[in-house]
Amino acid sequence: RDAVDGTINDVDLMTMANNALTLGVADSTDKLAEMFDGAQRLGKVLGLDTKNAVNSLVTGMGRQSRLMLDNLGIIVDAEVAYRNFKKEMDIGTRALTEQEKKAAFNNETIKQLTASVKTLGKEELTMAEKIAQANSSWDNFLTEVGQNFEPFMATVMSGVEGLKEA
């Protein structure tokens, strides 16, 4: 939540995090937070809201989609990424496995994301982001109310069912 400055509600944020972990984009929540923050910041520069920016990054990395990453101004040349990975891992001339290719692509994406974010100034929230924060807070509140209200409603419905049978 902190990484995206509260601009995405918790349910959507958990969905995106689960998607990222399932696609093998990151292996820790700390890494995800760093990536989501970078996506938000780059997306803002290119006119994307946080949700679309994070989805572009996660989908782009998870599916090795240059088109999705291009939404954030990240251009990854897969062949260059593979060459760099081979050098870094001292692999030599053998072909990379599919898993190694994915790791190479994602490593290069993270390098470019990090480098691009470093060129940006101090993060300032726009009015649209402040409104997104308010909307996310409201959504989170409603989710919490729903979770706390559900046991009461289950009891009421059980009682109604009992009355109907009686």
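Everything discussed here concerns the structure shown above.
Note that the structure is predicted; figures quoted are calculated from it, not measured. (Residues numbered from 1 in each chain as written. Predicted model: local features only at pLDDT ≥ 70, side-chain atom pairs only at ≥ 80, totals over all residues. Heavy atoms only, no water.)

Participant: Please give an account of helix α2 (residues 29-45) that cites residues and values.
Facilitator: Between the first and last C-alpha of α2 there are 24 Å, a value that for 17 residues agrees with the 24 Å anticipated at 1.5 Å per step. Listed in full, the buried residues belonging to α2 are L32, M35, F36, G38, A39, Q40, R41, L42 and G43. Buried positions along α2 lie against α1 (10-22), α3 (50-62), α6 (98-118) and α7 (127-165). Following α2 by one or two positions, G47 has its phi on the positive side, about 85 degrees. (Helix = DSSP H or I, 4+ residues; strand = E, 2+ residues; numbered from the N terminus. Expected span 1.5 Å × (residues − 1). Buried < 20%, exposed > 50% of the residue type's maximum accessible area, 1.4 Å probe, protein only. Contact = heavy atoms within 4.5 Å.)

Participant: Give me α1: which residues, what numbers.
Facilitator: Helix length check: α1 (13 residues) gives 18 Å between terminal C-alpha atoms against 18 Å at 1.5 Å per residue, within 8%. For α1, the set of buried residues is L13, M16, A17 and A20. Down the axis of α1, the sector holding all buried residues measures 100 degrees, keeping them to one side. On its buried face, α1 is in contact with α2 and α3. Between the side-chain oxygen of the N-cap and the backbone nitrogen of V11 there are 3.1 Å, and the N-cap of α1 in question is N9. With its phi angle positive at about 75 degrees, G24 sits one or two positions after the end of α1. (Arc of directions from axis to C-beta. Polar contact = N/O pair within 3.5 Å; in protein donor to acceptor, adjacent residues only side chain to side chain.)

Participant: Pulling in residues and values, what's your account of the environment of K51?
Facilitator: With respect to the element layout, K51 can be found in helix α3. A relative accessible area of 36% places K51 in the partly exposed class. Residues K51 and V4, spaced 47 residues apart in sequence, show a C-alpha to C-alpha distance of 9.0 Å. Residues in contact with K51, not counting those within four places in the same chain, are I8, D12 and M16.

Participant: Tell me about unusual backbone geometry, and name the residues and values.
Facilitator: Its identity is not glycine, yet D5 carries a phi of approximately 55 degrees, on the positive side. By the element assignment, D5 lies in the segment before α1. On the basis of relative accessible area, D5 is assigned to the partly exposed category, the value being 21%. For Q64, which is not glycine, the phi torsion reads 50 degrees and is therefore positive. Along the polypeptide, Q64 turns up in the loop between α3 and α4 (66-70). Among the residues examined, Q64 registers a relative accessible area of 26% and is labelled partly exposed.

Participant: Could you give an account of the pattern of salt bridges, with specific residues and numbers?
Facilitator: Think of it this way: side chains of opposite charge can pair up when their charged atoms draw near. Counted according to the given criterion, the structure contains 8 salt bridges. For K122, the salt bridge goes to E124, with nearest N and O atoms at 3.2 Å. (Salt bridge = Lys/Arg side-chain N within 4 Å of Asp/Glu carboxyl O.)

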